[in-house]
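Observations on chain architecture
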Amino acid sequence: MTQRPSARWPWIAALLLLLASAPGCAGAPERAPESSEQVASALNAASDAAEEASRRRRPRLVVVVVFDQLRADYMARFGERFLPPRGESGEPGGFRYLMETGAFYPLAAHQTLQGMTCPGHANISTGSWPARHGIALNSWVDPDTGAKTYCTFDPASPLVGPAEVKAGEGASPRALRGPTLGDEFKGSGRGSRVASVGIKDRGAIVLGGFGADAVLWFDDESGGWVTSRFYAPDGSLPPWIAPVNARLAQERGQELTVSVSPEGGPPWKVKSGSEEALASPWGNAITVEAVEAAIDGLQLGQPRASTGPEGAQAPGEVTDVLMVSFSSLDKVGHSVGPDDPRLSDQMVDSDRALARLLRTLEAKVPGGLSEVVVAVTGDHGVSPLPEVLRAQRVEVEVIDEKEVAKALDAGLKARFGEAKGGGWVVGMKYFHVVLNRASIKASKLDIAEVEREAARLLAATPGFIGALTATDIRERRLPGGLLERQVLNGWVPGRSGDVVGISKAHAIPKGAPANHITGMSYDRYVPLIIGGFGIRPGLYPEAAEIVDLAPTLAFIGGVLPPPLSEGRVLSECLDRDQLRPRF
C-alpha cells in the first residue's frame, strides 16, 4: 500500500534551505542574508507542512472482510489464479495485493472445539472466544425447555425489508454477551459510523454488533437486502439500499449464466435470487453491490467534523468501520469440498470481489488505501469430502446424529430404566448431547451420573475418541494440552451440551457432503491478512489467533479493545513510526 511521507521531511527541507542560504555555505548563490522575518516565515511554513503530513494519526476507515469457509491453505493452492498485485494501470488486485503490501499470517487459529459461522464471526468481532462472548454454536438447545435457539433469532426484533419478509421472524445480536469492535469505535465519542453487510444474517449481525448505523443481510424469501427493527426502529430500510433492492426485484427469477474464466470449470446456470445463485459468483457480486451502496450512503471514510454523542464537537479524528461477510464460498464448499474445480473457481471470483472492493475504497476514500486499514480472514475452514479421503486410504466416519441420540437414549434406558419425562436425551447437534432434565429430576438421579454414562456410551460410538461432560468441564477434569484449551474456550453453560463428543479426525455429521465442526487443523486454521494504515508489510509465520485481530485494529484506530477481548496486539506487524505521533 502507498506509504505516507514522513513528517520529518518538511523540517529537513527547511533546514537545508536555511543552510544553503547562509553566508559562506559551499555552493550557495551570492545573495543578501535573510531577515529574521523571512527565517521565521520559512520555519512556520515548514511547521505547517509537517503538521499536515502527520495530521492523520488514525485511519479514516477500518475494514474487516470475512470469507466464510476460507481455509488457510487456499492462498497457496489457488494463488496462481489470483489477480496480480496491481493491474496495468496500477489499480490494486485482490488477495495477492494485500499479501504483498500488507502483513500476511498464513496460519491464524480459531482455537475452539468447533469451527462454524456464528461463533467464528463473533470471535473476529469481539476479540474473544465463545466462553466469553456466549455464541457457542450456530444454534443450541435450551436444557430446560428443549427449545432450539438460533444464534441471532430474536422475535422482539421483526425483520424490515421488502413486503415479502416473513412475519414473526426477527433477528438481533442479543445473544452476544458483549460489544464488538464496531461498538467500541461507536463509543469512542468521535462520531464513527459503522456498517455491516453479509449474505447470512448471523455473519452480518455478529460482525456489526449492537450500535451499528446499518446492518444488512440477504433474505432469500423476499429476494432483497433486509435488516431488523433492532437496527431500524422506525421500520424502514436505509434509503440508499432501495435502488439495489429494486434492481434485484426486477431481476429475480431470471436465468443467469455465470462464468469465472475460460480456464476454469463450466459456468453456473442459476436463477437470480435462488440459493443456487448465492452459491455462485452472483452471491459475491450482490454483496459488493450492497457494500458499495453502504459506503456511499453513509459516507464511510469521508472527512467530517468529529462529534460526540449529543452532536457536540469532540476532539480527535473520525474513523469509520465497515464489516463485510462473503458467504458464497461456504455455500459452494459444503456441496463440493475443497478439492473440486468449482471451489477453485469460487476462490478466483472471491479474489475478484475483493479487488473490486479495494478499488472502490482506493477511489472513494481521500488518500486512498493508505488511509484505510483492511483485514481479510475466515470464520473457519472445512474438511475434504469423505470419498476424496477414502481414495487416499484415510479413515472417515459420517455420523448420523439422530441415530446416535437414539442409541444413547436406549443405552441410558438400559442403565437407569424407563425415563419418566419423555426420554433421556433431548437431542444431539454438532456433537453436543443435551439430556432431558425433567426425566433426570423425576427419576431422582444425579445429573452428573447420567452425564458420565452418556459420555461413556458416546465415546464408544464409531467416529469418536472420547467425550467430556459438563461436570468434567466445570471441575476442570480435562485431558490437557490443546484439546483442553479448545474445550475451555468454546464451552458455554446452558448453550453447550451436557456431553460433548471428541471426534476422530475427518469425522463429520451426516448432512452436507463437506462440513466444519471440529477443532482440527483443517477447520481451525484460516489466513489473516492486514494491510494499509499502520501496518508493516511482511510474511509473518509467527503464531496468531483470530482473537488478536480486534485488539490490533482497535490499537491502530486509537480506541480500547472490545470489552471481552482476550487477544494480543500483533505488535510485530505494526508500523510504529506511522503510529508514534499519536502517543
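See the structure above.
Model, not experiment: these values are computed from the prediction. (Residues numbered from 1 in each chain as written. Predicted model: local features only at pLDDT ≥ 70, side-chain atom pairs only at ≥ 80, totals over all residues. Heavy atoms only, no water.)

Some remarks on the side chain of Gln69
- Inspection of the secondary structure assignment puts Gln69 in the loop between strand S1 (61-67) and helix H3 (74-78).
- Within polar-contact distance, the side chain of Gln69 engages the side chain of Asp330 at 2.8 Å. (Helix = DSSP H or I, 4+ residues; strand = E, 2+ residues; numbered from the N terminus. Polar contact = N/O pair within 3.5 Å; in protein donor to acceptor, adjacent residues only side chain to side chain.)

Observations regarding the pairing of strand S9 (residues 224-228)
- Counted residue by residue, S9 has 5 buried out of 5 residues, so it is predominantly covered.
- Inspection of the sheet shows strand S5 (residues 153-160) paired to S9 by 2 bridges, in the antiparallel sense. Bridging from a neighbouring strand, Leu159 pairs with Ser228 of S9.
- Two elements, strand S8 (residues 214-219) and S9, share 3 bridges in a ladder whose sense is antiparallel. Bridge pairing links Asp219 to Gly224 in S9.
- Counted along the chain from S8 to the antiparallel partner S9, the turn is 4 residues long, and its residue Gly223 has a positive phi close to 75°. (Buried < 20%, exposed > 50% of the residue type's maximum accessible area, 1.4 Å probe, protein only. Pairing = 2+ DSSP bridges.)

Concerning helix H11 (residues 281-298)
- In this model, H11 (18 residues) spans 26 Å end to end at C-alpha, consistent with the 26 Å of a helix rising 1.5 Å per residue.
- For H11, the buried fraction is high: 15 of the 18 residues fall into the buried class.
- Taken from the residues just after H11, Gln299 is the one with a positive phi, measuring 55°. (Expected span 1.5 Å × (residues − 1).)

A closer look at unusual backbone geometry
- Of note in the backbone geometry, Gln69 takes a positive phi value of approximately 75° without being a glycine.
- Residue Gln69 is classed as buried on the basis of its relative accessible area of 0%.

Quick word on the pattern of salt bridges
- Scanning the model with the defined rule gives 27 salt bridges in all.
- With a shortest N-O distance of 2.8 Å, Asp330 and Lys200 are connected by a salt bridge. With Asp330 in helix H12 (residues 328-336) and Lys200 in the loop between strand S7 (194-198) and helix H8 (201-208), this residue pair connects regions lying 130 residues apart in the sequence. For the residue pair Asp330 and Lys200, the accessibility class agrees, reading buried in each case.
- The shortest N-O distance in the salt bridge between Arg356 and Glu292 comes to 2.8 Å. (Salt bridge = Lys/Arg side-chain N within 4 Å of Asp/Glu carboxyl O.)

Describing helix H15 (residues 401-416)
- Here H15 spans 22 Å end to end across 16 residues, near enough to the 22 Å set by a 1.5 Å rise per residue.
- Looking at the packing, one finds that the buried side of H15 touches strand S14 (398-399), strand S15 (425-429), strand S16 (432-435), helix H17 (447-459) and strand S19 (508-509).
- Looking at where H15 begins, the residue whose side-chain oxygen comes 3.2 Å from the main-chain nitrogen of Lys402 is Asp400.
- Of the residues trailing H15, Gly417 is marked for its positive phi of about 90°. (Contact = heavy atoms within 4.5 Å.)

Some details on the state of the cysteines
- The full count for this structure, using the stated rule, is 1 disulfide.
- Disulfide pairing is shown between Cys118 and Cys151; the S-S distance is 2.3 Å. Handedness here is read from the sign of the S-S torsion; for Cys118 and Cys151, about 105°, the answer is right-handed. Of this pair, Cys118 sits in helix H5 (residues 117-126) while Cys151 sits in the loop between strand S4 (148-150) and S5, placing them 33 residues apart in sequence. (Disulfide = S-S within 2.5 Å.)

Side note on the environment of Ser521
- Inspection of the secondary structure assignment puts Ser521 in helix H20 (residues 521-524).
- Sequence separation of Ser521 and His380 is 141 residues, and the distance between their C-alpha atoms is 9.9 Å.

As for the layout of surface pockets
- Its boundaries defined by the atoms lining it, the largest pocket holds a volume of some 1,000 Å³.
- Partitioned by chemical class, the residues of the lining of the largest pocket number 16 nonpolar, 9 polar and 17 charged. (1 Å grid on protein atoms, 1.4 Å probe; cavity = no way out; pocket = protein on both sides within 12 Å on 5 of 7 lines; lining within 4 Å. Points joined across faces, edges and corners; volume = space filled by probe spheres on them. Nonpolar A, V, L, I, M, F, W, Y, C, P; charged D, E, K, R; others polar.)

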